[in-house]
Amino acid sequence: LICPVVRSFHNHAVMCDVSLWEPGSEDDANAVVDQGDEAAKWLSDFLKRPNLRLVFRDITCTRVVNQKYRAKNQPSQVSFADGMQYLITSRTSLAQLNQKVALNYLPGSNSSEEQEAPILTMDRFRPNIVITGGEAFEEDDWKSLKIGTCEFEVSHHCPRCILTTIDPIRPEKGTSKEPLKTLSTFRKSGNEVNFGVYLIPKKLGIIRLNDVVIPEL
């Protein structure tokens, strides 16, 4: 599908509101731009789901971080993400998770029906900042951090959903039990299993590859 983007300043632009979770909640995205009937029909036909619409988040759109997690006098606009602007994860934490997953598939272990342990890649967790080095899951204890010229406050853990059980390289295989099965053995909090932490921006700036991460405990 090649779809020229309809912007809010176009004469034929149609604005609408989008509910990501509960309709009418603070989490709604307001004044997004509908991309027209042709794109909508293509999506509906391809996904075999009627009445789908494609929308674009233009500068007219307003959607803010949940008030529970919003920092006073800090940038609060968020895109179509689950609910926060930034999610940070650690390669060291992922390595430990993969080690624990592999143990479940050793001969004699109470493994699932899957024959081989999946090798989990970071794209399953969809972060926008990935760090290397340090101890596994040490990010749990951070209160704030600096990367490059940016400063962040750590908000809360990221609860993981069933989307992490889909291999993005081979999505046709559908869902599996991992990583949620293994995460639930050592990363469970209440009814949630966590991987990664959400960040609230305190000072915007530039982050470059290999910048040093300076956490504050």
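Residues numbered from 1 in each chain as written. Predicted model: local features only at pLDDT ≥ 70, side-chain atom pairs only at ≥ 80, totals over all residues. Heavy atoms only, no water.

1. A look at the confidence of the model for the chain
Mean pLDDT over the chain works out to 90, with 93% of the residues at or above the 70 mark. Highest mean pLDDT in the chain belongs to strand β5 (residues 129-131) (97); lowest belongs to strand β2 (residues 29-34) (92). (pLDDT = per-residue confidence, 0-100. Helix = DSSP H or I, 4+ residues; strand = E, 2+ residues; numbered from the N terminus.)

2. Focus: a nonpolar patch on the surface
On the surface, W42, F46 and L47 cluster together to form a nonpolar patch covering roughly 330 Å² of accessible area. Examined against the element boundaries, L47 turns out to sit in helix α1 (residues 37-47). (Patch = residues over 30% accessible without salt bridge, like charges linked within 9 Å, V, L, I, M, F, W, Y side chains within 5 Å. Areas by Shrake-Rupley, 256 points an atom, 1.4 Å probe, with all protein chains shown as cover. Salt bridge = Lys/Arg side-chain N within 4 Å of Asp/Glu carboxyl O.)

3. With respect to the sheet that holds β2
Reading across the sheet, the three strands line up as β1-β2-β3 and stay open at both edges, with antiparallel pairing between neighbours. Where the open sheet ends on each side, the last strands, each with one partner, are β1 (14-18) and β3 (55-56). As defined by bridge partners, β2 adjoins β3 across two bridges and the pair is classed as antiparallel. Bridge assignment links D34 to a residue of β3, and that residue is V55. (Pairing = 2+ DSSP bridges.)

4. Here's the deal with the pattern of salt bridges
Following the criterion strictly, the structure yields six salt bridges and no others. Where R53 meets D37, a salt bridge forms, and the shortest distance between an N and an O atom there is 3.0 Å. Here R53, found in the loop between α1 and β3, pairs with D37, found in helix α1; they are 16 residues apart in sequence, far enough to count as distant. Judged by its relative accessible area of 58%, D37 falls in the exposed class. In this structure, the salt-bridge partner of D167 is R170, at a minimum N-O distance of 3.6 Å. Residue classification places D167 among the buried residues on the basis of a relative accessible area of 15%. Three or more residues are tied together by salt bridges with common partners; here these are D34, D37 and R53. (Buried < 20%, exposed > 50% of the residue type's maximum accessible area, 1.4 Å probe, protein only.)

5. Quick look at the pairing of strand β7 (residues 150-159)
Here four bridges tie strand β6 (residues 144-147) to β7, and the two strands are oriented antiparallel to one another. Bridging from a neighbouring strand, L145 pairs with F152 of β7. Between β6 and β7, which pair antiparallel in sequence order, lie two residues; one of them, G148, sits at a positive phi of approximately 60°. Relative to strand β9 (residues 192-203), β7 runs antiparallel, the two being bridged by six bridges. Bridging from a neighbouring strand, P159 pairs with N194 of β9.

6. Some thoughts on the packing of aromatic side chains
If you walk through the whole model with that rule in mind, you get five aromatic pairs. A centroid spacing of 5.3 Å and a plane angle of 70° characterise the contact between Y86 and F152, whose relative ring orientation is edge-to-face. Of this pair, Y86 sits in strand β4 (residues 86-90) while F152 sits in strand β7, placing them 66 residues apart in sequence. Look at Y86 and you get partly exposed, because its relative accessible area is 26%. Grouping aromatic residues by their ring pairs yields a cluster made of F125, F137, F186 and F195. (Phe/Tyr/Trp six-rings, centres within 6.5 Å; stacked < 30°, edge-to-face > 60°.)

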